[in-house]
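So you can see what is in the structure, the chains are spelled out below.
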Amino acid sequence: MKKLLSVAGAALLTALAAVFAFGQPAHAAAGFSVSNGRLYDANGTEFVMRGVNHAHTWYPQQTSSFANIKALGANTVRVVLASGDRWTKNSAADVANVISLCKANRLICVLEVHDTTGYGEDGAATTLARATDYWLSIADVLKGQEKYVIVNIGNEPFGNQGYSAWTTDTSNAIKRLRAGGLTHTIMVDAPNWGQDWSFTMRDNAGTVFTADPQRNTVFSIHMYGVFDTAAEVSDYLGRFRSAGLPIVVGEFGFNHSDGNPDEDAIMSYSQANGIGYLGWSWSGNGGGVEYLDMTTGFNPAQLTSWGQRIFNGANGIAATAREASVFAGSSPSPTTSGSPTTSPSPTTSPSPTTPPTTTPPPAGGCTATYTVVNSWQGGFQGEVKVTAGSAAITGWTTKWTFANGQAVSQSWNATVSNSGSAYTARNVDYNGRLGAGASTSFGFIASWNGTNVAPAVTCAAS
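Residues numbered from 1 in each chain as written. Predicted model: local features only at pLDDT ≥ 70, side-chain atom pairs only at ≥ 80, totals over all residues. Heavy atoms only, no water.

K.L.:
Describe in detail the packing of aromatic side chains, supporting the description with residues and values.
P.N.:
The relation between two aromatic rings is expressed through the spacing of the ring centres and the mutual angle of the planes. Under the definition given, this model contains 26 aromatic pairs. Ring plane angle 85 degrees and centroid distance 5.6 Å describe the contact between F252 and W306, whose orientation is recorded as edge-to-face. Here W306 lies in helix α9 (residues 305-312) and F252 lies in strand β9 (residues 247-252), a separation of 54 residues in the sequence. Between W282 and F311, the aromatic rings sit 6.0 Å apart at their centres with planes inclined by 85 degrees, giving edge-to-face as the arrangement. Residue W282 is located in the loop between β10 (276-279) and β11 (295-296), and its partner F311 is located in helix α9; the two are separated by 29 residues in the primary sequence. You'll find W282 and F311 in the same group, each marked buried. One aromatic cluster in this structure is built from Y370, F380, W396, W400, F402, Y423, F442 and F444. (Phe/Tyr/Trp six-rings, centres within 6.5 Å; stacked < 30°, edge-to-face > 60°. Helix = DSSP H or I, 4+ residues; strand = E, 2+ residues; numbered from the N terminus. Buried < 20%, exposed > 50% of the residue type's maximum accessible area, 1.4 Å probe, protein only.)

Encoded structure:
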């Protein structure tokens, strides 16, 4: 969801051309699978998504969001990524880190490429074929994660022009992913900025499903102003249920500039019929739809009215989400990062052999870990993670000294000051209080020239 919908013509409520009943494929499931319109995890337990969208590609420093989303009860997070065609490409290492954050926080990861949004109408958007190129380019970090990851090929892949190509283009993308060795459950978005007012996805979903040799595709409808009545919500979702085709509400809001979606109907019908939903979005909206933020400034202690509604309201996430059974018996990570030892390193650096530096504190204090998460010629993005020790803290101060002339130009989630190369960063009002073992992070943009050695960082608690 990024573009205002311009609905052309009336949405005719026509019946599906045929009713399909699709069974489970014969191969053994290594990860998620689809049977008779339902989604099952790798243990064969039905899984119903209850979660939110998180704009990771535009806010890569907000890694604590995964733990915060989980803490409010979600079982799934849909993660915005970029293929590099419109926005800066998320590297394989970054995607591996996202997956590790999902797994550490016992969340199912739905990964989506956002560069396709509104193709055919928005000249900056790219094709599903290009999104498929991206998935195949990072296939190595996706393979082996089939129990935890669902691949959403491209967000809202057509606007209100050229969408007749949706069926062919979507089918071809699925076939290419399968030929490239990806066996994950695949999610596909509807055209018409995701809202399918033309019923192109609804009436051709059976064709797309059978194009998948593994019969392991889920359909995603985005519900904004087109779905402003309970009748429209139940009719659309009900036709997929009747046809035995898997459907989720991949995005929806409580309000929108193209109309007022009926969020109560979306959530109640989904709950009554075992249909997943993923609200838009955790935080960071712009362009006039800031009201769709569920939290203020990514702060989970400051839920907006929309955040309160989707997490704590009737048929909301807190009351209805059930954790995926693949996490049964595993212990949740007490921090917001840290990947299993079998995962690729989550960091990139000008000096990749230099690990993040940590200074151990006394019990009851705090540690600070410095990481370069991305770099380019003349600049880099850094992140410092602060973790409380064996007792809760009410505030923290970190300090470090750059050795190579680096200079911070922008920061977030901390108050950063300096005297020459010596820097001090203090908590802001919403992230100073940390329970024992809990973590938060802040980030910054800085310059570098030639050398970028990671400094040692100290942490003092209050």
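K.L.:
Describe in detail the environment of T116, supporting the description with residues and values.
P.N.:
Along the chain, the position of T116 falls in the loop between β5 (108-113) and α3 (128-137). When its relative accessible area of 0% is taken as the criterion, T116 is described as buried. Considered as a pair, T116 and I153 are 37 residues apart in the sequence and their alpha carbons are 9.1 Å apart. The residues contacting T116, other than those within four sequence positions of it, are A125, T126, T127, L128, A131, G154, N155, E156, P157 and F158. (Contact = heavy atoms within 4.5 Å.)

K.L.:
How would you sum up the sheet that holds β9? Please name residues and give values.
P.N.:
Within a sheet, neighbouring strands are paired by backbone hydrogen bonds and run either parallel or antiparallel to one another. Spatially, β3-β4-β5-β6-β7-β8-β9-β10 is the arrangement adopted by the 8 strands of the closed barrel, whose pairing is parallel. Mean inter-strand twist for the sheet, computed between neighbouring axes without regard to direction, equals 25 degrees. Along the sheet, α3 makes contact with β4 (76-81), β5 and β6 (149-152), crossing β5 at roughly 130 degrees. Across the sheet, helix α5 (residues 166-179) is in contact with β7 (186-189) and β8 (217-223); its angle to β7 comes to roughly 160 degrees. (Pairing = 2+ DSSP bridges. Axes fitted to C-alpha atoms, helices over the stretch in contact; angles between N-to-C directions.)

K.L.:
Tell me about the nonpolar core, and please be specific about residues and values.
P.N.:
Grouped together as the largest cluster of nonpolar side chains are 95 residues, with contacts concentrated most on L111, W135, L142, I153, F219, I221 and L237. A per-element tally of this core places helix α2 (residues 92-104) first, with 6 residues. Beyond its immediate chain neighbours, meaning those up to four positions away, F219 contacts W166, V188, M201, A205, V208, F209, F240, L245, P246, I247 and V248. Counting residues in hydrophobic clusters, the runner-up holds 23 residues, among them A368, V384, W400 and L434. (Core = buried A, V, L, I, M, F, W, Y, C linked by side-chain atoms within 4.5 Å.)

K.L.:
If you had to explain the confidence of the model for the protein chain to someone new, which residues and values would you point to?
P.N.:
For the protein chain, the average pLDDT comes to 86, and 86% of its residues sit at 70 or higher. Throughout residues 2-28 the model reports pLDDT below 50, and contacts reaching past four residues in sequence, or to other chains, amount to 66 contacts. Confidence over residues 331-363 falls short of pLDDT 50; this stretch has 66 contacts with residues more than four positions distant or in other chains. (pLDDT = per-residue confidence, 0-100.)

K.L.:
Talk me through the state of the cysteines; I want residue IDs and the actual numbers.
P.N.:
Evaluated as defined, the whole model comprises 2 disulfides. In this model C366 forms its disulfide with C459; the gap between the sulfur atoms is 2.0 Å. Across the disulfide from C366 to C459, rotation about the S-S bond amounts to roughly -100 degrees, and the bridge is consequently left-handed. Within this pair, whereas C366 is found in strand β14 (residues 366-376), its partner C459 is found in strand β21 (residues 458-461), the two being separated by 93 residues in sequence. By relative accessible area, which is 15% here, C459 ends up buried. Once the bonded cysteines of the protein chain are numbered in order along the sequence, the disulfide links fall as 1-2, 3-4. (Disulfide = S-S within 2.5 Å.)

K.L.:
I'd like to hear about the sheet that holds β21, residue by residue, with values.
P.N.:
With antiparallel pairing, 4 strands are arranged side by side in an open sheet as β18-β19-β16-β21. A strand with exactly one partner marks an edge of an open sheet, and here the two such strands are β18 (415-419) and β21. When strand polarity is set aside, the average angle formed by the axes of neighbouring strands in this sheet is 20 degrees. Relative to β21, strand β16 (residues 396-401) runs antiparallel, the two being bridged by 4 bridges. Paired with K399 across the two strands is T458, which belongs to β21.

K.L.:
Give a description of unusual backbone geometry that names residues and reports values.
P.N.:
S281 follows W280 through a cis peptide bond whose omega is -10 degrees. You can see S281 is positioned in the loop between β10 and β11. If you check the backbone angles, R106 has positive phi at about 60 degrees while not being a glycine. Counting through the fold element by element, R106 comes out in the loop between α2 and β5. Positive phi outside glycine occurs at N315, with the angle close to 60 degrees.

K.L.:
An account of the packing of helix α8 (residues 263-272) against α9 is requested, with residue identities and associated values reported.
P.N.:
Axis separation between α8 and α9 bottoms out at 11 Å; the angle between their running directions is 20 degrees. By the angle between their directions, the pair α8 and α9 is classed as roughly parallel. Crossing angle aside, the handedness with which α8 passes α9 is right-handed. Along its contact with α8, which presents E263, D264 and M267, the element α9 presents W306, R309 and I310. Among the residues forming the contact of α8 with α9, the class breakdown is 3 nonpolar, no polar and 3 charged. (Parallel < 35°, antiparallel > 145°, perpendicular 65-115°, else oblique. Left-handed = near helix turned anticlockwise from the far one by under 90°. Nonpolar A, V, L, I, M, F, W, Y, C, P; charged D, E, K, R; others polar.)

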